[in-house]
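Residues per chain, in single letters:
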Amino acid sequence: MQKVLDDSDWSAKAWMSKPDANLFDALVHIKSAQTEGRLDVLEWGAGRSTSYFTRALHALRGDNFCWHAIEYDRGYFEGEIRSSLDALPTSTVGLIEPGADLQAMFPRTTPVEFAVYDHGTLKPMLDEGVEDRKVDMDAYVAHPSQLGRTFDIILVDGRKRRRCLLEAASLLKEGGVAVLHDAQRTYYHCAFDHYRASSLLGEILWFGTQMDDSLFRDLRQDAETVARTIGLGIPLSPAVALPQ
């Protein structure tokens, strides 16, 4: 596993390196092909990936999916995401306040859902962000468990990633996969033991699942093969225009 330190060559699909974004793209295609009913995706940390992959899924499946994105920074959502909602499949936006009835707020009637908290800009990984580590984000972490759902894919790419990864372990459907971005950070690794099978993949991704080892090996090999195909520019599905 390599460490990606230069953001300048990251993918237009997500805030990931191109190889890692292609691996996640491959997983989305594989799980979409395997799933006959609605595909359920959970994402901690909304942004570029939400925009690209919800449009990709809409090209693959129409409205037969639900992508639930949880964003902790309301200012970021209002400044960077809300203006682009018209370009996405039909969306529900919920501004989360204490005591909110999440199941009533998100009845799964649209293919895209944004749950937006108001914790502000947090930089706990920086020396000047020490106080940010003390912010109470219990509701943000526990949010998906209050929805009464399980998920085919869970992407952990927001704040409190170790805790979110622990939460995700009990939220996967049979055959579901959790994906951690920035998996080079060793303080997340204690959560890996809560998954039956897992592997570091690509540059700084990790895949984890509750399926048995042999099935997971097949999935991992398929994802790597499909990702190489994507990297060669060979189309797998109806084209989705990349953001400029």
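With that settled, consider the packing of helix H1 (residues 18-34) against helix H7 (residues 213-231). Across the interface, H1 lies against H7 with an axial gap of 8 Å and an inter-helix angle of 115 degrees. Considering only the axes of H1 and H7, their crossing is right-handed. Contacts between H1 and H7 involve Asn 22, Leu 23, Asp 25, Ala 26, Leu 27 and Ile 30 from the first element and Leu 219, Asp 222, Ala 223, Glu 224, Val 226, Ala 227, Ile 230 and Gly 231 from the second. Its residues placed into classes, the contact of H1 with H7 shows nine nonpolar, two polar and three charged.

It is worth spelling out the sheet that holds strand E1 (residues 39-44) at this point. In spatial order, the strands read E3-E4-E2-E1-E5-E6-E8-E7; together these eight strands make up an open sheet with mixed pairing. Because the sheet does not close on itself, it has two edges, and the strands there are strand E3 (91-95) and strand E7 (197-201). Within this sheet the neighbouring strands show an average axis-to-axis angle of 15 degrees, counted without direction. Here strand E6 (residues 172-181) runs beside strand E8 (residues 205-209); their pairing, made up of five bridges, is antiparallel. Residue pairing across strands places Val 179 opposite Phe 207, the latter belonging to E8. Across the face of the sheet, helix H2 (residues 48-61) comes into contact with E1, strand E2 (65-71), strand E4 (112-116) and strand E5 (151-156) while running at roughly 175 degrees to E2.

Bringing the pairing of E4 into the picture now. On a regular strand, each side chain points to the face opposite its neighbour's, so the side chains alternate between the two faces of the sheet. Judged by how many residues are buried, E4 sits mostly within the fold: five of five residues are covered. A two-sided burial pattern is seen for E4, the buried positions comprising Val 112, Phe 114 and Val 116 on one face and Glu 113 and Ala 115 on the other. Examined bridge by bridge, E2 and E4 share five bridges and lie parallel to one another. Note that in E4 the partner of Glu 71 across the bridge is Val 116.

For Gly 208, the position within the fold is in strand E8. We classify Gly 208 as buried; its relative accessible area is 0%. Gly 208 sits 140 residues away from His 68 along the chain, and the two C-alpha atoms are 19 Å apart. Once you skip the residues sitting within four places of it in the chain, Gly 208 turns out to touch Leu 172, Gly 176, Val 177, Ala 178, Tyr 195, Ala 197 and Ser 198.

Conventions used here
Residues numbered from 1 in each chain as written. Predicted model: local features only at pLDDT ≥ 70, side-chain atom pairs only at ≥ 80, totals over all residues. Heavy atoms only, no water. Axes fitted to C-alpha atoms, helices over the stretch in contact; angles between N-to-C directions. Helix = DSSP H or I, 4+ residues; strand = E, 2+ residues; numbered from the N terminus. Left-handed = near helix turned anticlockwise from the far one by under 90°. Contact = heavy atoms within 4.5 Å. Nonpolar A, V, L, I, M, F, W, Y, C, P; charged D, E, K, R; others polar. Pairing = 2+ DSSP bridges. Buried < 20%, exposed > 50% of the residue type's maximum accessible area, 1.4 Å probe, protein only.

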